[in-house]
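Residue-level structural notes
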Amino acid sequence: MSQDAADAVIIGAGHNSLACAVCLSQAGWRVHVVEQNAVPGGAVKTGEYTAPGFRHDWAAMNLSLFAGSAFFRQFGEKLGSDGAAFVSAKHCFSSVFPDGTWFGVSNDAEENLRRVAAFSDKDAAAWKAMSEAFPAEAEVLFAILGSGFSKRASAKTLWSVLRKKGMSGSLDLTRFLLSSPREWLDETFESEQIKATLAAWGMHLDFAPDIAGGALFPYLEANANQAFGMALGQGGADTIINAMVKRIKTTGGSVECNADAARILVEGGKAVGVELADGREIRASKAVIANVAPAALLKLTGSTGNGRYDGRMAGFQHAPGTMMIHLAMDDLPDWIVPELREFAYVHLAPSLDQMARTYQQAKAGQLPDTPIIVTGQPTVFDPSRAPDGKHVLWLQVRMVPGVIKGDAAGSIDATDWADVAEPYAERALDIVEQYAPGTREKIIARRVVTPTELEADNPNLVGGDQVCGSHHLFQNFLFRPMRGHTDGRTPIDRLYHTGASVWPGAGTGAGSGYMLGQKLTR
């Protein structure tokens, strides 16, 4: 049985793993990353999934969190020299409604204000007040989102919030953080179109309109996109993956694909390495880091020896799934509102009530009768992703059940995703056709990716859960993945946990990987 050696072995080559590896390798650690897949990146990768020359982002498309992250602020110059590049999307996201109205948010406060005023003078005043307050609010919110939630970090964050906002302001902030999207939107705006446009962002992160704790995400997306615009990867989201891999290799580390971790080696209560499926061992003198779903961590260790921790990992709850539809297009859709051809995202989510119904149907194991469609149009801003004059469309069908019990519409009898994929893709495309007639005629090729396929490709996406675990309050902030372990520590010495299931959770900000890298090299 051959053995390799490193200071740290990292299981999984998702963006959090790679960010952590960059931190460690820059500090002089010998890092070895092992990835079961043929390419690194996890949910953040790009490929020609439909036809030659058409580059599609497999799951994640929006890299704004990465471009604005603490990790990129520290390593951005080096990663830029290694090839990381972004394109800016001025017109960020939008929604279109059955009556032909629409609303969108761009990187232009005055333009957004005019759009709001077209619906309601009262909402225009509320939007203006929200925009003016955002810089001060963002400072506090990003401090919370960047906190490690250790006892010391929590005390420091709490004191900072109290000092800046006072007791009454801190209580108001707490109320906001506990609010559902609907609660915040109903008390802030009167236009149903504006509410629905913002609420659609909650559906990206497992927050249907009536889920407590979800108000934060529509709020941040609206204000951050207005203030900074949206960042997409030039040529594809994998621009950041390729750059991080190059940086790791430049500093003496290695990233090995087609290397499936079978077991974490523990000796004398300490993690000492990883055994691969082929029998090879990679020993680690300082740390073993697992970017895996919580249940998978238990499979790799057998048991951590701590019943409370093991029980929490086994009981970790996942969000409903997502189905992806990748389309190679002869042209962009002819939306019933021509302005929508200029936006990175077009949401087909007509109302808060429909979003709530869709979510509940998926949670109950039913194929939603009217799923929410997130339409990504990256070639509007990055034509390099398709042949000249052609386009790619990136469709997320949200939410759907990982395990199908039935069809809310009563028209699909099958319950196996292999049989459901095509008819359900047709249901999704029927919705697109309502808002962009003739879209089917422009499709050159398509690839439907089911929740089952997403999990097979990346076991962290359990049941097609693209956020690797529900972010509801019981499993977020200081409870992600459980109280006392938000910094990635496990009961086994030198074994650490990272990825979207660890605070600060999902998104492309690389927060858990970066914070762990900082912790280990501090």
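The following paragraphs examine the structure supplied in this document. (Residues numbered from 1 in each chain as written. Predicted model: local features only at pLDDT ≥ 70, side-chain atom pairs only at ≥ 80, totals over all residues. Heavy atoms only, no water.)

Let's talk about the overall build of the protein
Of the regular secondary structure elements, the protein holds 16 helices and 20 strands. Taking 2.2 N^0.38 as the reference for a compact globule, 522 residues should give roughly 24 Å; the C-alpha atoms of the protein span a radius of gyration of 22 Å, in line with that estimate. Overall, the protein is about 65 × 55 × 45 Å in size when its C-alpha atoms are taken along their principal axes. A buried classification covers 61% of the 522 residues belonging to the protein. Within the protein, residue pairs in contact and separated by at least 24 positions form 72% of the contacts whose partners lie at least 6 positions apart. (Helix = DSSP H or I, 4+ residues; strand = E, 2+ residues; numbered from the N terminus. Rg over C-alpha atoms; globule rule 2.2 N^0.38 Å. Buried < 20%, exposed > 50% of the residue type's maximum accessible area, 1.4 Å probe, protein only. Contact = heavy atoms within 4.5 Å.)

A few points about the nonpolar core
Counting residues in hydrophobic clusters, the biggest one holds 73 residues, and the most contacted among them are W127, W184, F189, L198 and Y345. Per-element accounting of this core gives the leading share, 9 residues, to helix 5 (residues 121-145). The residues touching Y345, leaving out its near neighbours within four places in the chain, are M61, N62, C92, F93, S94, W201, H204, M230, V374, T375, G376 and W394. Core analysis: the next-biggest nonpolar cluster, separate from the first, contains 37 residues, A13, A243, V245 and Y496 among them. (Core = buried A, V, L, I, M, F, W, Y, C linked by side-chain atoms within 4.5 Å.)

Section: helix 9 (residues 216-228)
When the terminal C-alpha atoms of helix 9 are compared, their 17 Å separation across 13 residues agrees well with the 18 Å that a helix rising 1.5 Å per residue should span. Every buried residue of helix 9 is accounted for by L216, F217, P218, Y219, L220, A222, N223, N225 and Q226. (Expected span 1.5 Å × (residues − 1).)

Concerning the layout of surface pockets
Left-over empty space is what a probe sized like a water molecule reveals as it rolls over the atoms. As a volume, the second largest pocket reaches approximately 610 Å³. Around the second largest pocket sit 23 residues that line it, and S147, G148, S150, A153 and R522 are the ones nearest its centre. Looking at the lining of the second largest pocket, the elements that each hand over two or more residues are helix 6 (151-178) and helix 16 (511-521). The residue makeup of the lining of the second largest pocket, split by class, is 6 nonpolar, 12 polar and 5 charged. (1 Å grid on protein atoms, 1.4 Å probe; cavity = no way out; pocket = protein on both sides within 12 Å on 5 of 7 lines; lining within 4 Å. Points joined across faces, edges and corners; volume = space filled by probe spheres on them. Nonpolar A, V, L, I, M, F, W, Y, C, P; charged D, E, K, R; others polar.)

Points about the packing of aromatic side chains
For the structure on display, the rule yields 21 aromatic pairs. Geometrically, the ring pair formed by Y49 and W58 is edge-to-face, given 5.0 Å between the ring centres and 65 degrees between the ring planes. Ring centres of W201 and Y345 lie 5.5 Å apart, and the angle between their planes is 75 degrees; this geometry places the pair in the edge-to-face category. Of this pair, W201 sits in the loop between helix 8 (192-199) and helix 9 while Y345 sits in strand 14 (residues 345-348); the two residues are 144 residues apart in sequence, bridging distant segments of the chain. On the basis of relative accessibility, which here comes to 3%, the residue Y345 falls in the buried class. Directly above the aromatic system of W58 lies the positively charged group of K45, at a separation of 5.2 Å from the ring centroid. (Phe/Tyr/Trp six-rings, centres within 6.5 Å; stacked < 30°, edge-to-face > 60°. Lys NZ or Arg CZ within 6 Å of the ring centre and 35° of its normal.)

Topic: helix 14 (residues 417-435)
The end-to-end C-alpha distance of helix 14 is 26 Å, a good match for the 27 Å that 19 residues give at a rise of 1.5 Å each. The largest bend along helix 14 reaches roughly 25 degrees and is located at P423. Those residues of helix 14 lying buried are W417, V420, A421, Y424, A425, R427, A428, L429, I431, V432, E433 and Y435. The backbone nitrogen of A418 lies 2.8 Å from a side-chain oxygen of the residue at the head of helix 14, namely D416. (Bend = angle between axes of the 7 residues up to and from the residue. Polar contact = N/O pair within 3.5 Å; in protein donor to acceptor, adjacent residues only side chain to side chain.)

Topic: empty space enclosed by the protein
The tally for this structure, following the rule as stated, stands at 1 cavity of 30 Å³ or more. Residue lining of the largest cavity: M203, H204, L205, D206, A319, P320, T322, R398, M399, D465, Q466 and V467, and that is the complete set. In terms of residue class, the lining of the largest cavity is built from 6 nonpolar, 3 polar and 3 charged.

Digging into the packing of helix 1 (residues 15-26) against helix 3 (residues 70-81)
Helix-helix packing is described using two parameters, namely the angle between the two axes and the distance between the axes. Relative orientation of the contacting elements helix 1 and helix 3 amounts to 65 degrees, with a least axis distance of 12 Å. Between helix 1 and helix 3, the crossing angle belongs to the class labelled roughly perpendicular. The hand of the helix 1/helix 3 crossing is left-handed. The segment helix 1 lies against helix 3, with A19, V22, C23 and Q26 engaging F71, F75 and K78. For the contact of helix 1 with helix 3, the residue count by class is 5 nonpolar, 1 polar and 1 charged. (Axes fitted to C-alpha atoms, helices over the stretch in contact; angles between N-to-C directions. Parallel < 35°, antiparallel > 145°, perpendicular 65-115°, else oblique. Left-handed = near helix turned anticlockwise from the far one by under 90°.)

Topic: the side chain of S25
Mapped onto the fold, S25 is located in helix 1. Residue class for S25 comes out buried when judged on its relative accessible area of 4%. Side-chain polar atoms of S25 contact the backbone oxygen of V22, separated by 3.2 Å.

A few points about the environment of S470
Looking at the element boundaries, S470 is found in the loop between helix 15 (451-457) and strand 20 (495-497). Along the chain, S470 and P320 lie 150 residues apart, while their C-alpha atoms are 8.4 Å from each other. Excluding residues that lie within four positions of it along the chain, S470 makes contacts with D206, Q317, H318, A319, D465, Q475 and R480.

Observations concerning the pattern of salt bridges
A side chain with one charge may pair with a side chain of the opposite charge, provided their charged atoms come close. In total, this model carries 34 salt bridges according to the counting rule given. A salt bridge links D353 to R182, with the shortest nitrogen-to-oxygen separation between them at 3.1 Å. Of the two residues, D353 sits in helix 13 (residues 352-363) while R182 sits in helix 7 (residues 181-188), which places them 171 residues apart along the sequence. Across the pair R283 and E267 runs a salt bridge, and its minimum N-O distance is 3.1 Å. Of the two residues, R283 sits in strand 12 (residues 281-290) while E267 sits in strand 10 (residues 261-267), which places them 16 residues apart along the sequence. The exposure class of R283 is partly exposed, given its relative accessible area of 22%. (Salt bridge = Lys/Arg side-chain N within 4 Å of Asp/Glu carboxyl O.)

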